[in-house]
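Residue strings, one per chain:
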Amino acid sequence: MRTERLPSVAGQQNLSTRFRRSPTIPRPPQWNQHWSDVPMTGKARRASGRRRTRQPMRTTPGQIGQTAAWADERRNATLRCAREIVAEVAGSALQRRLWETALLGVRGRDAPAGTFVSAIHLPLAVYGAAGGEGDPPVHLAAACAFFELGIDLLDHVADNEIEGHWRDVHPAQIELAAVAFCFALPHLAIARFVGGSARASLMNRTLAESFLAASTGQHDDLDLTDSVEPDPDRVMRSVAGKTGESRALFAALGAQSAGADEPTWRTYHAMAREYGICLQLASDCRDLLDPSTGRDLANGTRTWPIAWWLTRAKADEKMRRLHLLDRARQYERARNDVKQALVRDG
């Protein structure tokens, strides 16, 4: 499960300034409160000769500390809720043990304060921003966490990247746990939050549609493995369908649970989809630039940087690069050679 650290004070101020200056990103009305606008009408301002000024939101260390405390409290509450659901609905001791093992995949449980877990904190943040009332719905965050863990498990089994806490567990058992986390537990968590209302029906449909989009992206990702002609546009569609769609789902469910109308929750959906795409591209680049990593190269995965690198080469050079990528599946030295070539070629 993906986590992100909260940026520093200067980083938050810089990000907030650049984001709010972007004319292309739709902003829900509630976000406008962060601007300090001169309280004058356009006509009065023109008459006075004063220009309209906007000041970006200032973030203090105290505010960051409060945000970190909120993140930790919500993460712990969500994990408690998820464990309660697992204990209640598991049909056997074996199933409960497998599901509790799956919950160990929630990153950040032992991480420093301020660790941001997208599946937990994104839907809760959007719920509040979209006008949700009352206590933060941890059942909603648990539903998103179940879904994210299930998707991650299926992806790890496909890529043969099973984590240590699954040691001695047969892959078929892991896949069964992943299926339950994708298709059963999220719906049960939503039912505990919104019951059998029309809102629950909408949220369940959004869950199903998101899984279809994610599976389409995963199909493309698997089909592109070791491809000699990886289309960067197709790779980008795969990224949008996998990481992009999961973040879009978390934001959409947060807005829907708050009772937002369709234009509003679709705006959050679109915004978070772009956020997810950026996360995945950053992760792909980090895998290629960090000397201590290289799983994508070892698996023959055609991430967007690799696809871009191949399409820029002429025939002879392309064959050389493909041969190097083939060797990178087995040899660490070849993986380092690929990383150096990518940096050198831009």
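Summarised in this report is the structure supplied together with it. (Residues numbered from 1 in each chain as written. Predicted model: local features only at pLDDT ≥ 70, side-chain atom pairs only at ≥ 80, totals over all residues. Heavy atoms only, no water.)

Of the regular secondary structure elements, the protein holds 15 helices and two strands. In the protein, which comprises 346 residues, the proportion classed as buried is 46%. The contacts in the protein between residues at least 6 apart in sequence include a share of 71% that link residues at least 24 apart. Here the protein displays about 17,800 Å² of accessible surface, and carbon together with sulfur accounts for 53% of that area. (Helix = DSSP H or I, 4+ residues; strand = E, 2+ residues; numbered from the N terminus. Buried < 20%, exposed > 50% of the residue type's maximum accessible area, 1.4 Å probe, protein only. Contact = heavy atoms within 4.5 Å. Areas by Shrake-Rupley, 256 points an atom, 1.4 Å probe, with all protein chains shown as cover.)

The next thing to look at is the environment of Gln218. Examined against the element boundaries, Gln218 turns out to sit in helix 9 (residues 198–223). With residues up to four places along the chain from it excluded, the contact list for Gln218 reads Asp155, Ala158 and Lys242. A polar contact is formed between the side chain of Gln218 and the side chain of Asp155, at a distance of 3.3 Å. (Polar contact = N/O pair within 3.5 Å; in protein donor to acceptor, adjacent residues only side chain to side chain.)

The next thing to look at is the packing of aromatic side chains. On inspection of all chains with the given rule, the structure shows five aromatic pairs. On the numbers, 6.5 Å between centres and 70° between planes, the contact of Trp99 with Phe181 is edge-to-face. Here Phe181 lies in helix 7 (residues 171–183) and Trp99 lies in helix 4 (residues 93–103), a separation of 82 residues in the sequence. Trp99 sits in the buried class, given a relative accessible area of 6%. Taken together, a centroid distance of 4.5 Å and an interplanar angle of 70° make the contact between Phe183 and Phe211 edge-to-face. Here the residue Phe183 occupies a position in helix 7, and Phe211 occupies one in helix 9, the gap between them amounting to 28 residues. What makes Phe183 partly exposed here is its relative accessible area of 41%. Three or more aromatic residues joined by ring pairs form one cluster here, namely Trp99, Phe146 and Phe181. (Phe/Tyr/Trp six-rings, centres within 6.5 Å; stacked < 30°, edge-to-face > 60°.)

Okay, the nonpolar core next. Trp99, Phe146 and Phe181 are the most contacted members of the largest nonpolar core, which totals 60 residues. Non-local contacts of Phe146, meaning those with residues more than four positions away in its chain, are made with Ala82, Ile85, Val86, Leu103, Phe181, Leu185 and Pro186. Counting residues in hydrophobic clusters, the runner-up holds 13 residues, among them Leu324, Ala328, Ala334 and Val338. (Core = buried A, V, L, I, M, F, W, Y, C linked by side-chain atoms within 4.5 Å.)

The next thing to look at is the packing of helix 7 against helix 8 (residues 185–194). Contact geometry of helix 7 with helix 8 gives a least axis separation of 3 Å together with a crossing angle of 35°. In this structure, helix 7 contributes Ala180, Phe181, Cys182 and Phe183 to the contact, and helix 8 contributes Leu185, Pro186 and His187. By residue class, the composition of the contact of helix 7 with helix 8 is six nonpolar, one polar and no charged. (Axes fitted to C-alpha atoms, helices over the stretch in contact; angles between N-to-C directions. Nonpolar A, V, L, I, M, F, W, Y, C, P; charged D, E, K, R; others polar.)

Three or more residues of helix 8 are buried, namely Leu185, Pro186, Ala189, Ile190 and Val194. Buried residues in helix 8, looked at end-on, bunch into an arc of 150°, giving them a common side. (Arc of directions from axis to C-beta.)

This paragraph deals with helix 15 (residues 332–344). The α-helix winds at 3.6 residues per turn, so residues separated by three or four positions along the chain end up facing the same way. Here helix 15 is 13 residues long and its end C-alpha atoms lie 18 Å apart, about the 18 Å a rise of 1.5 Å per residue gives. Buried residues of helix 15: Ala334, Arg335, Val338, Lys339, Ala341 and Leu342, and no others. Taken around the axis of helix 15, the buried residues stretch over an arc of 165°, which confines them to a single face. Those residues of helix 15 that are exposed and angled more than 90 degrees off the buried face are Arg333, Gln340, Val343 and Arg344. In this structure, the buried side of helix 15 is in contact with helix 11 (262–289), helix 12 (295–299), helix 13 (304–311) and helix 14 (315–328). (Expected span 1.5 Å × (residues − 1).)

Time to look at the environment of Ala172. Note on placement: Ala172 falls in helix 7. Relative accessible area serves as the criterion here: at 37%, Ala172 is assigned to the partly exposed category. For the pair Ala172 and Val157, spaced 15 residues apart in sequence, the C-alpha separation works out to 9.1 Å.

By themselves, these are just geometric observations and shouldn't be taken as functional.
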